[in-house]
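# Overview (structure and organization)
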Amino acid sequence: AQSVTQLDSHVSVSEGTPVLLRCNYSSSYSPSLFWYVQHPNKGLQLLLKYTSAATLVKGINGFEAEFKKSETSFHLTKPSAHMSDAAEYFCVVRMDTGRRALTFGSGTRLQVQP
Amino acid sequence: EPEVTQTPSHQVTQMGQEVILRCVPISNHLYFYWYRQILGQKVEFLVSFYNNEISEKSEIFDDQFSVERPDGSNFTLKIRSTKLEDSAMYFCASSEYTQETQYFGPGTRLLVL
């Protein structure tokens, strides 16, 4: 079975400081991993995805994530937070077995203080 | 940029009533999905649909649920007899191919009274 654990339900940072949102996964097979963001009253927007190519993945809006197989982690980072980054972030896994269903983490709400 | 759209954005219904949630996937996409998020819980997969049939479903997707692609653009989720516990945000998604990125709509918030 596959699962995703987001280690922090809330993260608060100051504008201009780094962002770290933590995600650990478990999967019996080689996974595809995603980060989605949800702004209030908006849909789930894809930030970035890992699909067994480069382990450091660059996404939109300056976000990056690094796949670390030894640690089963896929943490999301950004060097400098912007007020517009305030949103809910979801770490998502899909097993590479032909199944289509995505498994979501519980989400991390990012607050950015001025 | 193409988007997945969903209607209505909010729906309130009485327990036992039927509801139909509508989605318009991205036009060249072939795979369609429904997920739901009960308040305070994780987003959960319900069903995937391809070539006019269900290709995968979760244990949540029981006989009270059905999906349909009634025409070339819409994709619907029907709940036959709503229960209080069906209150949730329902997300539609689509992808071009089976292992490609799933693009999500803004969701329909369903409240069952």
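Right, let's walk through the structure included here. (Residues numbered from 1 in each chain as written. Chains lettered and ligands numbered in written order. Predicted model: local features only at pLDDT ≥ 70, side-chain atom pairs only at ≥ 80, totals over all residues. Heavy atoms only, no water.)

On to the environment of Ile20 of chain B. Residue and element names in this part refer to chain B. Note on placement: Ile20 falls in strand 3 (residues 19-24). A sequence separation of 69 residues divides Ile20 from Met89, and the C-alpha atoms of the two residues are 13 Å apart. Filtering out sequence-adjacent residues up to four positions away, Ile20 remains in contact with Gln11, Thr76, Leu77 and Lys78. (Helix = DSSP H or I, 4+ residues; strand = E, 2+ residues; numbered from the N terminus. Contact = heavy atoms within 4.5 Å.)

Attention now goes to the sheet that holds strand 3 of chain B. Residue and element names in this part refer to chain B. Pairing within the open sheet is antiparallel, and its 4 strands lie in the order 1-3-8-7. Looking at the sheet topology across the chains shown, the edges are occupied by strand 1 (5-7) and strand 7 (65-68). Averaged over neighbouring strand pairs, the angle between their axes works out to 20 degrees when direction is ignored. Pairing of strand 3 with strand 8 (residues 75-79) involves 5 bridges; the strand directions are antiparallel. Paired with Cys23 across the two strands is Phe75, which belongs to strand 8. (Pairing = 2+ DSSP bridges. Axes fitted to C-alpha atoms, helices over the stretch in contact; angles between N-to-C directions.)

Within the fold, Leu44 of chain A resides in strand 6 (residues 44-50). Using a relative accessible area of 4% as the deciding quantity, one classes Leu44 of chain A as buried. As a C-alpha pair, Leu44 of chain A and Glu88 of chain A span 44 residues in sequence and 9.3 Å in three-dimensional space. With sequence-adjacent residues up to four places away left out, Leu44 of chain A is seen in contact with Tyr36, Val37, Gln38, Phe90 and Phe104 of chain A together with Phe91, Phe104 and Gly105 of chain B. (Buried < 20%, exposed > 50% of the residue type's maximum accessible area, 1.4 Å probe, protein only.)

Below, the discussion takes up the state of the cysteines. Counted according to the given criterion, the structure contains 2 disulfides over all chains. The side chain of Cys23 of chain A participates in a disulfide bridge whose partner is Cys91 of chain A; the two sulfur atoms lie 2.0 Å from each other. Disulfide Cys23 of chain A-Cys91 of chain A: torsion about the S-S bond near -70 degrees, hence left-handed. On the criterion of sequence distance, the pair formed by Cys23 of chain A in strand 4 (residues 23-26) and Cys91 of chain A in strand 10 (residues 87-95) is long-range, its members being 68 residues apart. A relative accessible area of 0% means that Cys23 of chain A is categorised as buried. What pairs with Cys23 of chain B in a disulfide is Cys92 of chain B, and their sulfur atoms sit 1.9 Å apart. Because the torsion about its S-S bond is -65 degrees, the bridge between Cys23 of chain B and Cys92 of chain B counts as left-handed. On the criterion of sequence distance, the pair formed by Cys23 of chain B in strand 3 and Cys92 of chain B in strand 9 (residues 88-95) is long-range, its members being 69 residues apart. Cys92 of chain B shares its class with Cys23 of chain B; the two are buried. (Disulfide = S-S within 2.5 Å.)

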